[in-house]
Amino acid sequence: MGRFTRDPELKFTQTDTPVTSFTLAVDRDFKNKETGERGADFIDCVAWRNTADFICDYFTKGSKA
């Protein structure tokens, strides 16, 4: 589970196939031993066709996924 780092943007390929790319920020479950802070991993994702349409319609920056 993570949060969108920016609004997803719907794009189309040359054959009119919908595609979107987005990044999820996922908090780590553990703290850094030295600083005591929790880190985050940033995961790049790509969605195609109906999934891309769905993501662009219902998710915005900060939404949980």
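Residues numbered from 1 in each chain as written. Predicted model: local features only at pLDDT ≥ 70, side-chain atom pairs only at ≥ 80, totals over all residues. Heavy atoms only, no water.

1. A look at the environment of Ala 47
So, point 1. On the secondary structure map, Ala 47 appears in strand S4 (residues 38-48).
So, point 2. The sequence separation of Ala 47 and Lys 61 amounts to 14 residues, and the corresponding C-alpha distance is 16 Å.
So, point 3. Ignoring sequence-local partners within four residues, the contact set of Ala 47 consists of Pro 18, Val 19, Thr 20, Phe 22, Ala 52 and Ile 55. (Helix = DSSP H or I, 4+ residues; strand = E, 2+ residues; numbered from the N terminus. Contact = heavy atoms within 4.5 Å.)

2. Here we look at the nonpolar core
So, point 1. Grouped together as the largest cluster of nonpolar side chains are eight residues: Phe 4, Phe 22, Leu 24, Val 26, Ala 47, Ala 52, Ile 55 and Phe 59.
So, point 2. For this core, the secondary structure elements donating two or more residues are strand S3 (18-31) and helix H1 (49-58). (Core = buried A, V, L, I, M, F, W, Y, C linked by side-chain atoms within 4.5 Å. Buried < 20%, exposed > 50% of the residue type's maximum accessible area, 1.4 Å probe, protein only.)

3. Some points on the side chain of Ser 63
So, point 1. Its location among the elements puts Ser 63 in the segment after H1.
So, point 2. Overall, the relative accessible area of 18% leaves Ser 63 in the buried class.
So, point 3. From its side chain, Ser 63 meets the backbone oxygen of Thr 60 in a polar contact 3.0 Å long.
So, point 4. Once residues lying within four places of it in the same chain are set aside, the contact partners of Ser 63 are Gly 2, Arg 3 and Phe 4. (Polar contact = N/O pair within 3.5 Å; in protein donor to acceptor, adjacent residues only side chain to side chain.)

Treat this as a map of the structure, not an account of what it does.
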